[in-house]
Amino acid sequence: MAKLLTNEQVEKYYRDGYVHPFRALSDADAQSLRNRIEAFEAEQACEAQQALVFKAHLPFRWLSDIITHPRILDAVEDVIGPNLLCWGSSFFQKNAHDPRFVSWHQDTYYYGLEPPETLTVWLSITHSNLESGCVRGIPGSHESREIVPFDNVTSENNLLARGQTIVGVDEDAAVPMMLKPGEFSIHHEAVVHGSGPNRSDDRRIGLSIHYIPTHVQRVKYNRPGVKPRAALVRGVDDYGNWEHETPPDADFHPERLAELEEMRREFVGRNREGLAEPD
Ligand SMILES: O=C(O)CCC(=O)C(=O)O
């Protein structure tokens, strides 16, 4: 029996490649999450999206609590089943009146997973709407699961480091996934999506969290003899394709921070070799 989504919403996810909105956090909890993020940024003198790459949840209990939030996991379970791994989480942030954008892209190109079944939860921590540059998706663009041809267009304002840009997208077909603080959308890794600049007076902050069913394997970026790592967030793992991360028992957990740093270095190395990164 479904836990959060209706049958129609599950069907919509498979048909269109996304569905929204769902509430995870109350207004007050979304605000206190925002306060924590902003306190971290003030302390580090750096945006969270720059300091915490790929697995923002790894060194912080308060972010580990978000990737394991029961309402989020209920929604994910309704779509991809009861045995769930979370392999990544990244902030996407734009300040008030910020020209930064996310070009039209598919996540599949970066992820290297087989089968390509990542479901991304995009949790809105502020208002995400047309003015603030919410995520927009092209319905049905995930259907073939094929990678749509793209160019790498580098721009200092593109939040995608390598600038994957699918050209010729019919923007009139794009559907805005507008969200209030504490609400989330879900999207399939192959759906074409992107977002425009923030023209509003407030920041637009989202946390993008990536879930897979346990049978999915990573087929790219693996080091010989080393399993990729992910958090088992619900159910059991009968496949053993991933090494399970231990949740942090303290904030600024030193070992987890070191793991994040190692991943960052690997990522820089891959970029030097001209390989794609898991944006
Ligand atoms: O936050 C954005 O504007 C884009 C997010 C995105 O591309 C993603 O979560 O996959």
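Residues numbered from 1 in each chain as written. Predicted model: local features only at pLDDT ≥ 70, side-chain atom pairs only at ≥ 80, totals over all residues. Heavy atoms only, no water.

1. Focus: the overall build of the chain
At step 1: When you go through the chain residue by residue, the secondary structure sums to seven helices and 15 strands.
At step 2: On C-alpha atoms alone, the chain measures out to a radius of gyration of 17 Å, which is about the 19 Å that the 2.2 N^0.38 rule sets for 279 residues.
At step 3: Taken along the three principal axes of its C-alpha coordinates, the chain extends 45 × 45 × 45 Å.
At step 4: Put simply, the chain has 279 residues, and 55% of those count as buried.
At step 5: Relative to all contacts within the chain whose residues are 6 or more apart in sequence, the contacts with residues 24 or more apart total 85%.
At step 6: Surface exposure of the chain reaches about 12300 Å², of which carbon and sulfur atoms provide 51%.
At step 7: For the chain, the distance from the average position of its 29 positive side-chain charges to the average position of its 43 negative side-chain charges is 2 Å. (Helix = DSSP H or I, 4+ residues; strand = E, 2+ residues; numbered from the N terminus. Rg over C-alpha atoms; globule rule 2.2 N^0.38 Å. Buried < 20%, exposed > 50% of the residue type's maximum accessible area, 1.4 Å probe, protein only. Contact = heavy atoms within 4.5 Å. Areas by Shrake-Rupley, 256 points an atom, 1.4 Å probe, with all protein chains shown as cover. Lys, Arg positive; Asp, Glu negative; His and termini not counted. Charge placed at Lys NZ, Arg CZ, Asp CG, Glu CD.)

2. Looking at the site of the ligand
At step 1: Neighbouring the ligand are the residues F92, V102, H105, D107, W122, V135, H187, H193, S195, R204 and S208.
At step 2: Between the ligand and the protein, one listed contact pairs an oxygen atom with a side-chain N or O atom of H187 at 3.2 Å.
At step 3: Between S208 and the ligand, the recorded distance is 2.6 Å, taken from a side-chain N or O atom to an oxygen atom.
At step 4: Taken by itself the ligand offers 300 Å² of open surface, and the protein chains cover 99% of this.
At step 5: When atoms are counted within 2 Å of each cavity's grid points, the one that captures over half of the ligand is the largest cavity.
At step 6: Only strand 3 (102-105), strand 11 (193-195) and strand 12 (204-213) provide two or more residues apiece to the shell around the ligand.
At step 7: In the shell around the ligand, the residues fall into four nonpolar, five polar and two charged. (Near = heavy atom within 4 Å. Polar contact = N/O pair within 3.5 Å; in protein donor to acceptor, adjacent residues only side chain to side chain. 1 Å grid on protein atoms, 1.4 Å probe; cavity = no way out; pocket = protein on both sides within 12 Å on 5 of 7 lines; lining within 4 Å. Sits in = over half its atoms within 2 Å of the grid points. Nonpolar A, V, L, I, M, F, W, Y, C, P; charged D, E, K, R; others polar.)

3. So, helix 5 (residues 70-80)
At step 1: Counting buried positions over the eleven residues of helix 5 gives nine, a clear majority of the element.
At step 2: Residues I72, L73, D74, A75, V76, E77, D78, V79 and I80 constitute the buried set of helix 5.
At step 3: Trailing helix 5 by a residue or two, G81 shows a phi angle of about 100°, which is positive.

4. Things to note about the packing of aromatic side chains
At step 1: Inspection of the entire model under this criterion finds nine aromatic pairs.
At step 2: Aromatic side chains Y13 and Y14 sit 5.2 Å apart centroid to centroid with 85° between the ring planes, which places their arrangement in the edge-to-face category.
At step 3: Taking the relative accessible area as the measure of exposure, Y13 reaches 1% and is therefore buried.
At step 4: The lysine or arginine in question, K220, covers the ring of Y109, its NZ or CZ lying 5.6 Å from the ring centre. (Phe/Tyr/Trp six-rings, centres within 6.5 Å; stacked < 30°, edge-to-face > 60°. Lys NZ or Arg CZ within 6 Å of the ring centre and 35° of its normal.)

5. Section: the pattern of salt bridges
At step 1: Applying the stated criterion to the full structure yields 21 salt bridges.
At step 2: For E77, the salt bridge goes to K3, with nearest N and O atoms at 3.2 Å. Highlighted residues: E77 in helix 5 and K3 in the segment before helix 1 (7-16), separated in sequence by 74 residues.
At step 3: Residue classification places K3 among the partly exposed positions, given a relative accessible area of 45%. (Salt bridge = Lys/Arg side-chain N within 4 Å of Asp/Glu carboxyl O.)

6. Here's the deal with empty space enclosed by the protein
At step 1: All chains considered together, the criterion is met by one cavity of 30 Å³ or more.
At step 2: Computed from the structure, the largest cavity encloses a volume of approximately 150 Å³.
At step 3: The wall of the largest cavity is formed by 17 residues, among which F92, H105, W122, H193 and S208 lie closest to the centre.
At step 4: At the level of secondary structure, the elements contributing two or more residues to the lining of the largest cavity comprise strand 3, strand 5 (119-124), strand 11 and strand 12. (Points joined across faces, edges and corners; volume = space filled by probe spheres on them.)

7. Brief notes about the nonpolar core
At step 1: Core analysis: the biggest nonpolar cluster contains 45 residues, and F91 and Y211 have the highest contact counts within it.
At step 2: With six residues, the single largest contributor to this core is helix 5.
At step 3: Once residues within four sequence positions are removed from consideration, F91 is found in contact with I37, A48, Q49, L52, A56, L63, I125, I205, G206 and L207.
At step 4: Of all hydrophobic cores here, the second largest spans 20 residues; its members include Y110, L113, L160 and W242. (Core = buried A, V, L, I, M, F, W, Y, C linked by side-chain atoms within 4.5 Å.)

8. So, the sheet that holds strand 2 (residues 84-94)
At step 1: Ordered by their spatial adjacency, seven strands build an open sheet running 1-10-5-12-2-14-15, and the pairing between neighbours is mixed. The open sheet terminates on both sides in strands that have one partner only, identified here as strand 1 (18-23) and strand 15 (243-244).
At step 2: Bridging between strand 5 and strand 12 involves six bridges; their strand directions are antiparallel. Across the sheet, S124 pairs through a bridge with G206, a residue of strand 12.
At step 3: Lying on the sheet, helix 2 (residues 27-44) is in contact with strand 1, strand 2, strand 5 and strand 12; it crosses strand 2 at an angle near 75°. (Pairing = 2+ DSSP bridges. Axes fitted to C-alpha atoms, helices over the stretch in contact; angles between N-to-C directions.)

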